[in-house]
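Residue-level structure breakdown
Chain by chain, the residues run as shown.
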Amino acid sequence: MSWKKNAISYLIWFLYTIMTGTVLLALATEAGKAAGLEDYTGILIMAASVAVAGVAAFLLHRFAVSRASFAEEKGVHLTVLGALLAMGMLAAGFLLRLQGAGGVDCSSSAYYEAARVTEGQSIPQSVHGAVYFYVWLLHGVFRLLGNYASAGIWVQIVLQLAASFLLFLVVRKLAGFMAGLVVLGFCMCAPYMVASCLVLSPDMLYFFLLTVAVSLMTVGYGDRKTGEEREARGLNPAAGFFAGAAAALCCYVDILGILLLLVAFGGIFRYREDVVAPGRKAAAALLCAAGAILGFGACILLDAAFSGKAVPRVAAAWLSLYRPSGFQLPAGVGVSGSVAESCLLFGIMALGIFSFWFDKRKERISLAVLAAWGIMAAGCFGIFTDEMPGFLFLYLSLVLLAGMGFGQCFYAEPAARERKEPAAAEQPDWEILMEARDGAEAGQARSWPEPERAESGQPGQKQPAEAAQEAAQADRQVRFLENPLPLPKKHVKRVMDYSLPSGAQDDDFDYPVAEGDDFDV
């Protein structure tokens, strides 16, 4: 999903650069202190790392045209290779989680105590929708498999693997295969993601819910296939309504779902090759807002009906749950498992600082940048709950930025691809004119049809439909005005086959001059 570049795009790029540069400076400073270097060396290390990222982005982009032509020639082989890489990452992620799940004991978790099956125990009600649904999910699993804490860990693993694969498919469709591969690699092999699924928490269930909603939005705003060619179907306003309803459902489950409203409205105003009327976009945006309002109201009504509480009390409880508690800078963001992981993540993000400029018409980082800054701002104001502090989704937004920045390095302008194709031999203008004249004269000669013969052998008349069809063809035929100037004629090679007598006495072309004629001055 991409958007046309404007002044806001460059402002968002500036915010992206500030965020990436600040974290790189902090990491470089910590590395310098650990090595016993001076404080100013952190600035030098950060500048050197950004310079290396710029050179790498330029080198990747320089050969983008050759890679694009190679991908067109070997499309099937690269598709198979990409599928094998994706399956390999999924297998590696599963093995890493399997290895880590062996030494995890979640029997003391509050979610395990609330969800396990005991006689006379009921599921406690919770204002937080994600917590309530997650406890019910664990309760259903424990009813099937027994009160084993390891069963809850396997629920976490399955939810994260499924959500990561859906996220890979969405990013691959919207930003390209290389971006999707980077995102899948971090989701599968990053220590932070591996550790996050080995703890009982509603984060994985909500992660899966968000990816399902985004996948449905991608399908609704996507293209359709007609015949053998894929063509854009424009903008369907009904898709905006359902996108707003899905965003409202996720927002009611947790306040982080408000980020889906960015995706819903961003899909309406995204960059399209075909022009969509402004009125159609406005209608889709209004339907999206209406779907969000109606969907949120329906969630409140259903919650009130199942809990037996009044609708105003349910709405007031939801608002009080996410009420800001005042601005306070957090001691840490808690989005990384190790320093090496942070260096790799923000090092790849540094590529996006330069790859943003490779495409002069479109950009793809706006939603992820706004999501990252929005999550950080909400965390500073204390909007998130203790059950879901938002660290996982801040990490995912940074991973999306890293993948999109890396994938943008492989972008090649369409004009550059066209220059790689051999140009056709140009034909002189006078030959084109003569061919057009000959074609017109031939068409005029054929435009006088001979009279048809009836079955009796006498001249007959054509049917009215045939006459009208020929008249329409004659009207569509190009008629040239008579050129008053003569056109150049084609050169005809001639053979001089007659004899030409010559004499030695006739080969003297000197003009005789008298001795007294001196013209020197």
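Cut-offs applied
Residues numbered from 1 in each chain as written. Predicted model: local features only at pLDDT ≥ 70, side-chain atom pairs only at ≥ 80, totals over all residues. Heavy atoms only, no water. Helix = DSSP H or I, 4+ residues; strand = E, 2+ residues; numbered from the N terminus. Contact = heavy atoms within 4.5 Å. Phe/Tyr/Trp six-rings, centres within 6.5 Å; stacked < 30°, edge-to-face > 60°. Buried < 20%, exposed > 50% of the residue type's maximum accessible area, 1.4 Å probe, protein only. Patch = residues over 30% accessible without salt bridge, like charges linked within 9 Å, V, L, I, M, F, W, Y side chains within 5 Å. Areas by Shrake-Rupley, 256 points an atom, 1.4 Å probe, with all protein chains shown as cover. Salt bridge = Lys/Arg side-chain N within 4 Å of Asp/Glu carboxyl O. Core = buried A, V, L, I, M, F, W, Y, C linked by side-chain atoms within 4.5 Å. Axes fitted to C-alpha atoms, helices over the stretch in contact; angles between N-to-C directions. Parallel < 35°, antiparallel > 145°, perpendicular 65-115°, else oblique. Left-handed = near helix turned anticlockwise from the far one by under 90°. Nonpolar A, V, L, I, M, F, W, Y, C, P; charged D, E, K, R; others polar. Expected span 1.5 Å × (residues − 1). Polar contact = N/O pair within 3.5 Å; in protein donor to acceptor, adjacent residues only side chain to side chain. pLDDT = per-residue confidence, 0-100.

Thoughts on the overall build of the protein
Counting its secondary structure elements, the protein contains 20 helices and 6 strands. Contacts in the protein between residues at least 24 apart in sequence constitute 77% of all its contacts with a sequence separation of at least 6.

Some remarks on the packing of aromatic side chains
What the rule picks out here adds up to 19 aromatic pairs. Seen in terms of ring centroids, Tyr112 and Phe142 are 5.5 Å apart; in terms of plane orientation they differ by 75 degrees. Their pairing is edge-to-face. Residue Tyr112 is located in helix 5 (residues 110–115), and its partner Phe142 is located in helix 6 (residues 129–145); the two are separated by 30 residues in the primary sequence. When the ring of Tyr252 is compared with that of Trp318, the centres are 6.4 Å apart and the planes differ by 5 degrees; the resulting orientation is stacked. Of the two residues, Tyr252 sits in helix 11 (residues 237–253) while Trp318 sits in helix 14 (residues 311–321), which places them 66 residues apart along the sequence. Neither residue differs from the other here; Tyr252 and Trp318 are each classed as buried.

Some remarks on helix 12 (residues 259–268)
All of the buried residues in helix 12 are Leu260, Val263, Ala264, Gly266, Gly267 and Ile268. Tucked into the core, helix 12 has its buried residues touching strand 1 (3–4), helix 10 (203–221), helix 11, helix 13 (278–307) and helix 16 (366–380).

Looking at a nonpolar patch on the surface
Residues Leu11, Phe14, Ile18 and Trp373 make up a contiguous nonpolar surface patch of about 380 Å² in total accessible area. Broken down by element, the nonpolar patch gets its largest block of residues, 3 residues, from helix 1 (residues 7–34). Along the polypeptide, Trp373 turns up in helix 16.

A closer look at the nonpolar core
Formed by 118 residues in total, the largest nonpolar core has its most connected members in Leu260, Leu345, Met349, Phe393 and Leu401. At 13 residues, helix 7 (residues 149–175) tops the list of elements feeding residues into this core.

Digging into the packing of helix 6 against helix 7
Contact pair helix 6 / helix 7: the axes reach a minimum separation of 10 Å and the direction vectors enclose 120 degrees. One finds that helix 6 runs oblique with respect to helix 7. Crossing angle aside, the handedness with which helix 6 passes helix 7 is right-handed. Contacts from Tyr134, Leu137, Leu138, Val141, Phe142 and Leu145 in helix 6 reach Ala151, Gly152, Val155, Gln156 and Leu159 in helix 7. Of the residues that constitute the contact of helix 6 with helix 7, the class distribution is 9 nonpolar, 2 polar and no charged.

A word on helix 8 (residues 177–189)
Between its first and last C-alpha, helix 8 extends 18 Å over 13 residues, near the 18 Å set by a 1.5 Å rise per residue. Within helix 8, 10 of the 13 residues are buried, which leaves it mostly tucked inside the rest of the structure. Every buried residue of helix 8 is listed here: Ala179, Gly180, Leu181, Val182, Val183, Leu184, Gly185, Phe186, Cys187 and Met188.

What about the pattern of salt bridges?
Enumeration according to the criterion identifies 1 salt bridge in this entry. Across the salt bridge formed by Arg116 and Glu113, the nearest N and O atoms sit 3.5 Å from each other. Relative accessible area serves as the criterion here: at 31%, Arg116 is assigned to the partly exposed category. Glu113 sits in the partly exposed class, given a relative accessible area of 34%.

Things to note about the side chain of Ser109
The topology assignment puts Ser109 in the loop between helix 4 (75–101) and helix 5. In this structure the side chain of Ser109 is engaged in a polar contact, spanning 3.3 Å, whose partner is the backbone nitrogen of Tyr111.

Points about the packing of helix 13 against helix 14
Two numbers describe how helix 13 lies on helix 14: the axes approach to 9 Å, and their chain directions differ by 115 degrees. Taken together, the axes of helix 13 and helix 14 lie roughly perpendicular to each other. Here helix 13 runs over helix 14; the crossing is right-handed. Of the residues in helix 14, those in contact with Phe296, Ile300, Leu301, Asp303, Ala304 and Ser307 of helix 13 are Val311, Val314, Ala315 and Trp318. Residues of the contact of helix 13 with helix 14, tallied by class, amount to 8 nonpolar, 1 polar and 1 charged.

Notes on the environment of Gly82
With respect to the helices and strands, Gly82 occurs in helix 4. The exposure class of Gly82 is buried, given its relative accessible area of 6%. Along the primary structure Gly82 and Leu181 are separated by 99 residues, whereas in three dimensions their C-alpha atoms are 8.4 Å apart.

A word on the side chain of Ser196
The residue Ser196 is located in helix 9 (residues 191–196) in this model. In this structure the side chain of Ser196 is engaged in a polar contact, spanning 2.8 Å, whose partner is the backbone oxygen of Met193. Once you skip the residues sitting within four places of it in the chain, Ser196 turns out to touch Gln156, Gln160, Met204 and Leu392.

Here we look at the environment of Gly32
Its place among the elements puts Gly32 in helix 1. Expressed as a C-alpha distance, the spacing of Gly32 and Leu44, which sit 12 residues apart in the sequence, is 9.9 Å. When sequence neighbours within four positions are dropped, the list of residues in contact with Gly32 reads Leu37 and Thr41.

Structural notes on the confidence of the model for the protein
Confidence in the prediction for the protein averages 79 pLDDT; 76% of positions are at 70 or higher. When the criterion is pLDDT under 50, residues 225–232 qualifies, and its contacts beyond four places in sequence or with other chains add up to 8 contacts. Within the model, pLDDT remains below 50 along residues 445–460, and this stretch shows 11 contacts once partners closer than five positions in the same chain are excluded.

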